[in-house]
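As a plain string of letters, each chain reads:
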Amino acid sequence: MIETAADFVRLVESEDPVERRRSTCEDAPLSVWKALVASHPDMRFWVANNRTVPDGILRILARDNDWRVRHRVASKMSCPIDILELLSADEHDSVASLIAGHPKTPTTALRRLLKYPWDQVVEKATRQLMVRGEELKG
């Protein structure tokens, strides 16, 4: 278990691949995740990369200013529906594209993405709706 924010930072910055891998899969107390998000903005991507990070922390990270952090949150197969819904309104093409192709994205969000300005996002949302047997009206 990761015991402190400093432990997590050390794991992420380690030259040892085994140590770096621990940063992606070991759990930490909620207080550690909160400390990392609040005091280590450069670690937010890596927090989002961890497989055990709680949904409450993901909800915070889904509003991060850095599109890469939001993208990492959106890429989680276990991403909660409300976060997918929130990120479906993201203005960054990469995040919107990921949400349009995510199998758990709610139908309401996919319909919103049918109006996105980038064709790739619209195509992905259309495919998702077709697979679900949904009508393709926006």
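Right above here is the structure, for reference.
Anyway, here's the lowdown on the structure attached to this text. (Residues numbered from 1 in each chain as written. Predicted model: local features only at pLDDT ≥ 70, side-chain atom pairs only at ≥ 80, totals over all residues. Heavy atoms only, no water.)

1. Concerning the environment of Asp-27
Note on placement: Asp-27 falls in the loop between helix H2 (17-25) and helix H3 (30-39). A C-alpha to C-alpha distance of 24 Å links Asp-27 and Trp-67, two positions 40 residues apart in sequence. If we skip the residues at most four places from it in the chain, Asp-27 touches Met-1, Ile-2, Trp-33 and Thr-52. (Helix = DSSP H or I, 4+ residues; strand = E, 2+ residues; numbered from the N terminus. Contact = heavy atoms within 4.5 Å.)

2. Thoughts on the packing of helix H6 (residues 67-74) against helix H8 (residues 93-101)
Orientation of H6 relative to H8, taken along the N-to-C sense of each, is 5 degrees, at an axis distance of 9 Å. In terms of their interaxial angle, H6 and H8 are classed as roughly parallel. Together, Trp-67, Arg-70, His-71 and Ala-74 of H6 and Ser-94, Val-95, Leu-98 and Ile-99 of H8 make up the contact between the two elements. A breakdown of the residues in the contact of H6 with H8 according to their chemical character gives 5 nonpolar, 2 polar and 1 charged. (Axes fitted to C-alpha atoms, helices over the stretch in contact; angles between N-to-C directions. Parallel < 35°, antiparallel > 145°, perpendicular 65-115°, else oblique. Nonpolar A, V, L, I, M, F, W, Y, C, P; charged D, E, K, R; others polar.)

3. Quick notes on the side chain of Thr-24
Note on placement: Thr-24 falls in helix H2. Looking at Thr-24, the relative accessible area reads 14%, which means it is buried. Only 2.6 Å separates the side chain of Thr-24 from the backbone oxygen of Arg-21, close enough to count as a polar contact. In this structure Thr-24 touches Asn-49, Asn-50 and Arg-51, once residues within four positions along its chain are discounted. (Buried < 20%, exposed > 50% of the residue type's maximum accessible area, 1.4 Å probe, protein only. Polar contact = N/O pair within 3.5 Å; in protein donor to acceptor, adjacent residues only side chain to side chain.)

4. Observations concerning the environment of Val-121
Among the structural elements, Val-121 can be located in helix H10 (residues 119-131). For Val-121, a relative accessible area of 0% translates into the label buried. With residues up to four places along the chain from it excluded, the contact list for Val-121 reads Asp-93, Ala-96, Ser-97, Ala-100, Leu-113 and Tyr-116.

5. Quick look at H2
Turning to H2, its buried residues are Glu-19, Ser-23 and Thr-24. Seen end-on, H2 carries its buried residues on one side only, within an arc spanning 155 degrees. Against the buried residues of H2 lie helix H1 (5-13) and helix H4 (44-49). (Arc of directions from axis to C-beta.)

6. Details of H8
Regarding H8, the residues found buried are Val-95, Ala-96, Ser-97, Ile-99 and Ala-100. Tucked into the core, H8 has its buried residues touching H6, helix H7 (81-87), helix H9 (107-113) and H10.

7. A few points about the packing of aromatic side chains
The full count for this structure, using the stated rule, is 2 aromatic pairs. Seen in terms of ring centroids, Phe-8 and Trp-33 are 5.6 Å apart; in terms of plane orientation they differ by 75 degrees. Their pairing is edge-to-face. Residue Phe-8 is found in helix H1, and its partner Trp-33 is found in helix H3; the two are separated by 25 residues along the sequence. For the pair formed by Phe-8 and Trp-33, the shared burial category is buried. Residues Phe-45 and Trp-46 carry aromatic rings whose centres are separated by 4.9 Å and whose planes lie at 90 degrees to one another, so their mutual orientation is edge-to-face. (Phe/Tyr/Trp six-rings, centres within 6.5 Å; stacked < 30°, edge-to-face > 60°.)

8. Quick word on the state of the cysteines
Applying the stated criterion across every chain yields a total of 0 disulfides. Cysteine Cys-25 remains unbridged, with the sulfur of Cys-79 as its closest cysteine sulfur at 20 Å. Residue Cys-25 is classed as partly exposed on the basis of its relative accessible area, which comes to 37%. For Cys-79, a relative accessible area of 2% translates into the label buried. (Disulfide = S-S within 2.5 Å.)

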